[in-house]
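Each chain, letter by letter, is given below.
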Amino acid sequence: MLEDSFDYFDYLADMGFQTPLILLVLVVLEAVLSADNAIALASIAQGLPDAKMQRKALNVGLIAAYVLRIVLILTATWVIQFWQFELLGAMYLLWLVFNYFVNDEDESEQPKKHLKFSSFWQIIPTIAITDLAFSLDSVTTAIAIADETWLIIAGGTIGVISLRFLAELFIRWLEEYTYLEDAGFITVGFVGLRLFLKALFPGLIIPEWVTIAIVAVFFTWGFSKREPIESSGGDG
């Protein structure tokens, strides 16, 4: 039965279906791995005061992130030889989580906490580098699936575009659900820890299905409580 499956895949490849099939796999991979990335970027954008600036930060930040992704893809065969890059990415993600949970401990009067940014342009590199740290795993996986660079770039391009719309959706949800932002940063911490362990102990790799299951648990908790809807006081 397994040999028949491989024969069928080879038949599809011979018929010219291999390229679109691989592209589809890369797009699905990006979609599955983008949820935790999207909520991280949405939570970062929440550090700006109004929705217009948040959208602008996502647009500019993800353009910068896209450029960094292309550079990562083009240099990936060199980058993956050095575990130090994964270690740096892991430490950056863990620093983000630490900064989020520690930064506002003394501001108990505020019901929600966000990362703090002194200017609009300070948030741009934060968005771009966060996406790059998340991309280390997905780009490595994409290289294992596809041999052609243009296919990996095409999958990454679609991933960044979907990430932009997912992040804006999460920004809206972050205002509606009490625990979602905390759940998002706990997820970022888990991804950072996974990357940290992978860098230091290459043989100790948490399976992808375990990662997805744990992220699903965090997200379920994040969506478990909705903020009460404020009714308008009057007509004028």
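Everything numeric here is computed off the predicted structure, so don't read it as measured data.

Trainee: Summarise the nonpolar core; cite the residues concerned and give the values.
Mentor: Core analysis: the biggest nonpolar cluster contains 39 residues, and Ile44 and Ile123 have the highest contact counts within it. Of all the secondary-structure elements, those providing two or more residues to this core are α2 (18-45), α3 (51-74), α5 (83-103), α6 (120-145), α7 (149-176), α8 (180-200) and α9 (208-222). Among residues more than four places away in sequence, those in contact with isoleucine 123 are Ile44, Ala45, Leu48, Ala57 and Phe117. Residues Leu72, Ala90, Val139 and Ile152 belong to the second largest nonpolar core, which totals 10 residues.

Trainee: Which residues make up the packing of aromatic side chains, and what values do they have?
Mentor: The final tally for this structure, using the stated rule, is 12 aromatic pairs. Ring plane angle 75 degrees and centroid distance 4.9 Å describe the contact between tyrosine 177 and phenylalanine 223, whose orientation is recorded as edge-to-face. Of the two residues, tyrosine 177 is situated in the loop between α7 and α8 and phenylalanine 223 in the segment after α9; the sequence distance between them amounts to 46 residues. A relative accessible area of 14% means that tyrosine 177 is categorised as buried. Pairing phenylalanine 190 with phenylalanine 218 gives two aromatic rings, centres 6.5 Å apart and planes at 70 degrees, and the pair type is edge-to-face. Of this pair, phenylalanine 190 sits in helix α8 while phenylalanine 218 sits in helix α9, and the two are 28 residues apart along the sequence. On the basis of relative accessibility, which here comes to 12%, the residue phenylalanine 190 falls in the buried class. Counting every residue linked through ring pairs, the aromatic cluster contains Phe170, Trp173, Tyr177, Phe219 and Phe223.

Trainee: Got a sec to walk through α8? Specific residues and values, please.
Mentor: Relative to the 30 Å expected for 21 residues at 1.5 Å per residue, α8 spans 30 Å between its end C-alpha atoms, a close match to the ideal helical length. Of all 21 residues that make up α8, 16 are buried, and the element is covered over most of its length.

Trainee: Explain the pattern of salt bridges to me, and be specific about the residues and the numbers.
Mentor: On inspection of all chains with the given rule, the structure shows four salt bridges. Between aspartate 131 and arginine 69 there is a salt bridge, and its shortest N-O distance comes to 2.9 Å. Taken together, the positions of aspartate 131 in helix α6 and arginine 69 in helix α3 put the pair 62 residues apart, joining distant regions of the chain. Judged by relative accessible area, which is 0%, aspartate 131 ranks as buried. Under the relative-accessibility criterion, arginine 69 is labelled buried at 4%. A salt bridge links arginine 164 to glutamate 168; the nearest nitrogen and oxygen atoms lie 2.7 Å apart. With arginine 164 and glutamate 168 both in helix α7 and four residues apart, the pair spans about one turn of that helix. The exposure class assigned to arginine 164 is buried, which follows from its relative accessible area of 13%.

Trainee: Go over the side chain of glutamine 46 with me, naming the residues and quoting the values.
Mentor: Among the structural elements, glutamine 46 can be located in the loop between α2 and α3. Judged by its relative accessible area of 5%, glutamine 46 is buried. A polar atom in the side chain of glutamine 46 sits 3.0 Å from the side chain of glutamate 175.

Trainee: Outline the environment of alanine 40, supporting the account with residue identities and numerical values.
Mentor: Within the secondary structure, alanine 40 sits in helix α2. When neighbours within four sequence positions are excluded, alanine 40 is seen to be in contact with Thr130, Phe134 and Val188.

Trainee: Residues and numbers for the packing of α3 against α7, please.
Mentor: Close contact between α3 and α7 brings their axes to 10 Å; oriented N to C, the two are set at 160 degrees. Compared by their axis directions, α3 and α7 come out roughly antiparallel. Between α3 and α7 the crossing geometry is right-handed. Seen from α3, the contacting residues are Gln54, Arg55, Leu58, Asn59, Leu62, Tyr66, Arg69, Ile70, Ile73 and Leu74; seen from α7, they are Thr149, Ile152, Ile153, Gly156, Thr157, Val160, Leu163, Arg164, Ala167, Glu168 and Ile171. By residue class, the composition of the contact of α3 with α7 is 12 nonpolar, five polar and four charged.

What counts as what
- Residues numbered from 1 in each chain as written.
- Predicted model: local features only at pLDDT ≥ 70, side-chain atom pairs only at ≥ 80, totals over all residues.
- Heavy atoms only, no water.
- Core = buried A, V, L, I, M, F, W, Y, C linked by side-chain atoms within 4.5 Å.
- Buried < 20%, exposed > 50% of the residue type's maximum accessible area, 1.4 Å probe, protein only.
- Helix = DSSP H or I, 4+ residues; strand = E, 2+ residues; numbered from the N terminus.
- Contact = heavy atoms within 4.5 Å.
- Phe/Tyr/Trp six-rings, centres within 6.5 Å; stacked < 30°, edge-to-face > 60°.
- Expected span 1.5 Å × (residues − 1).
- Salt bridge = Lys/Arg side-chain N within 4 Å of Asp/Glu carboxyl O.
- Polar contact = N/O pair within 3.5 Å; in protein donor to acceptor, adjacent residues only side chain to side chain.
- Axes fitted to C-alpha atoms, helices over the stretch in contact; angles between N-to-C directions.
- Parallel < 35°, antiparallel > 145°, perpendicular 65-115°, else oblique.
- Left-handed = near helix turned anticlockwise from the far one by under 90°.
- Nonpolar A, V, L, I, M, F, W, Y, C, P; charged D, E, K, R; others polar.

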